[in-house]
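# Analysis of the macromolecular model
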Amino acid sequence: MENNDASSPDRKLQCSDVSKCFQLLERILDGELVEECEEMLQEKLDKCQPCFAHFHLEQAIREVLKTKCTKQPLPDKLAESIRQMIKDPR
Amino acid sequence: MSEVQRRKYSQEERSAVFDGEFMPHIDSMYNFAFRLTFDEDDAKDLVQDTYMKAFRFINSFEQGTNAKAWLFRILKNSFINDYRKKSKKPATVDYQEVETFYNSDDVDYQSTSDLRAESVRDMLGDEISNALNGLAVDFRTVIILADLEGFTYEEMAKILDIPIGTVRSRLHRARNLLKETLKGYAQSMGYGRDEEEDLND
């Protein structure tokens, strides 16, 4: 069962290999290591507080970037003027 | 592009490829252009130029391959060649030069326990957006490509003409810088103080 509490007594408070773990977590979040990692990931997050916190922080950052920085409204007529330019390239 | 001699598209095929595969990406393209230039008119010109080039070189686009990545690569190159030069701002250090000096895979991974996922989620769009816009262009670019547009490391390597290892380490550094800024915002909003004390006990 997934344990999503921000803190849990089951987790150790020090990560013995921050560098390797965090790099792995970030690659998983970036979608680079999907299949291999599902189980390993859950186990790690259940057992290690620094990994848990890092994973959720990195996940939150990706989410807010995706939801809050992609809404630049397209200027009126830009698409139209591009279509016009290729029809009539001179 | 590869040296494979592709057959030329007919007039109708050109229009079909342009409308069907290129135009659907215009929102993402404009968002990218705007976040590179910070100016609506420049962004508009950049997107227009990119689409004109895409049309002109349409025969080197292979149907069924990733049109979005192909277009982003053209846009990024146009930006570097035309817009960065034009810019009146003093030249900033090209991160790529600095980067190759250091071992790019030797990246420092460390815990940022003083920034919490909850405080990041509570931030306003403007804060996130300003934090992103405050990054140097090479860092900003990898975050836009990865997090806003969902490109894979491999696609980013092709768009930026850099090795995958460099993509990964640059992205990691970019996110660390972003976290530093967000941490500053979070502290000024008073987030995370209590938790910090708890952890330090």
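How each quantity is defined
Residues numbered from 1 in each chain as written. Chains lettered and ligands numbered in written order. Predicted model: local features only at pLDDT ≥ 70, side-chain atom pairs only at ≥ 80, totals over all residues. Helix = DSSP H or I, 4+ residues; strand = E, 2+ residues; numbered from the N terminus. Buried ≥ 20, exposed ≤ 12 C-beta atoms within 10 Å, placed from the backbone. Contact = placed C-beta atoms within 7 Å. Rg over C-alpha atoms; globule rule 2.2 N^0.38 Å. Nonpolar A, V, L, I, M, F, W, Y, C, P; charged D, E, K, R; others polar. Core = buried A, V, L, I, M, F, W, Y, C linked by C-beta atoms within 7 Å. Domains from an automatic or database assignment. pLDDT = per-residue confidence, 0-100. Arc of directions from axis to C-beta.

## Quick notes on the overall build of chain B
- Looking only at helices and strands, one finds 11 helices and zero strands in chain B.
- Traced from its N-terminal end to its C-terminal end, chain B shows the element sequence α-α-α-α-α-α-α-α-α-α-α.
- Burial analysis of chain B (201 residues in total) assigns 34% to the buried set.
- Contacts in chain B between residues far apart in sequence, at least 24 positions, make up 75% of those at least 6 positions apart.

## Brief notes about the overall build of chain A
- For chain A, the count of helices and strands is four helices and zero strands.
- Seen in sequence order, chain A has helices and strands lined up from the N terminus as α-α-α-α.
- For 90 residues, the compact-globule estimate of 2.2 N^0.38 gives 12 Å, and the C-alpha radius of gyration of chain A, at 21 Å, exceeds that figure by more than 25%.
- Projected onto the principal axes, the alpha-carbon positions of chain A cover approximately 70 × 25 × 25 Å.
- Here chain A holds 90 residues, and the buried ones make up 28% of them.
- Excluding contacts between residues fewer than 6 apart, the proportion of contacts in chain A whose partners are at least 24 apart in sequence is 74%.

## Remarks on the environment of Tyr 83 of chain B
Residues and elements named next belong to chain B.
- Locating Tyr 83 in the fold gives a position in helix 4 (residues 67-86).
- Placed 39 residues apart in sequence, Tyr 83 and Lys 44 show a C-alpha to C-alpha distance of 12 Å.
- Those residues within four positions of Tyr 83 in sequence are excluded, and the remaining contacts are Thr 37, Asp 42 and Leu 46.

## Points about the interface of chain B and chain A
- The partner chain A presents 32 residues to the 38 residues of chain B that form the contact.
- Among the secondary structure elements, those contributing two or more residues to the side of chain B that touches chain A are helix 2 (26-37), helix 3 (40-56), helix 6 (117-122), helix 7 (125-133), helix 8 (137-148) and helix 10 (164-189) of chain B.
- Sorting elements by how many residues they give to the side of chain B that touches chain A places helix 3 of chain B first, with seven residues.
- Among the residues making up the side of chain B that touches chain A, the classes are represented as 21 nonpolar, 10 polar and seven charged.

## Some points on the nonpolar core
All names here are of chain B.
- Core analysis: the largest hydrophobic core is formed by 64 residues, its most contacted members being Ala 33, Val 120, Val 142, Ile 143 and Met 156.
- Two domains each put at least three residues into this core: domain 1 (11-86) and domain 2 (95-200).
- In this structure, Val 142 is in contact with Met 156, Val 167, Arg 170, Leu 171 and Ala 174, ignoring residues within four places of it in sequence.

## Thoughts on the environment of Ala 6 of chain A
Residue and element names in this part refer to chain A.
- Tracing the backbone shows Ala 6 in the segment before helix 1 (18-29).
- By C-beta crowding, Ala 6 is classed as exposed, having 12 other C-beta atoms within 10 Å.
- C-alpha of Ala 6 to C-alpha of Leu 78: the two residues are 72 residues apart in sequence and 46 Å apart in space.

## Observations concerning the confidence of the model for chain B
- Model confidence for chain B is summarised by a mean pLDDT of 84, while 78% of its residues fall at 70 or above.
- In the predicted complex, the global pTM is 0.82; the interface-specific ipTM is 0.79.

## A short note on the domain arrangement of chain B
Residue and element names in this part refer to chain B.
- Parsing chain B into structural domains produces domain 1 (11-86) and domain 2 (95-200).
- Between domain 1 and domain 2, the residue contacts involve 11 residues of the former and 12 residues of the latter.
- Going through the elements one at a time, helix 2 and helix 4 are the ones with two or more residues in the side of domain 1 that touches domain 2.
- Top contributing element to the side of domain 1 that touches domain 2 by residue count: helix 2, with five residues.
- Grouping the amino acids of the side of domain 1 that touches domain 2 by side-chain chemistry returns five nonpolar, three polar and three charged.

## Let's talk about unusual backbone geometry
- The backbone of Lys 77 of chain A sits at a positive phi, close to 70°, despite the residue not being glycine.
- Within the secondary structure layout, Lys 77 of chain A lies in the loop between helix 3 (49-68) and helix 4 (78-87).
- Take Lys 77 of chain A: there are 10 C-beta atoms within 10 Å of it, and that puts it in the exposed class.
- If you check the backbone angles, Asp 161 of chain B has positive phi at about 55° while not being a glycine.
- Note that Asp 161 of chain B resides in the loop between helix 9 (153-160) and helix 10.
- Owing to 11 C-beta atoms within 10 Å, Asp 161 of chain B belongs among the exposed residues under this scheme.

## Considering helix 9 of chain B
Residue and element names in this part refer to chain B.
- Buried residues of helix 9: Tyr 153, Glu 155, Met 156, Ile 159 and Leu 160, and no others. Seen along its axis, helix 9 keeps its buried residues to an arc of 160°; they face one direction.
- After helix 9 finishes, the residue Asp 161 shows a positive phi value of roughly 55°.

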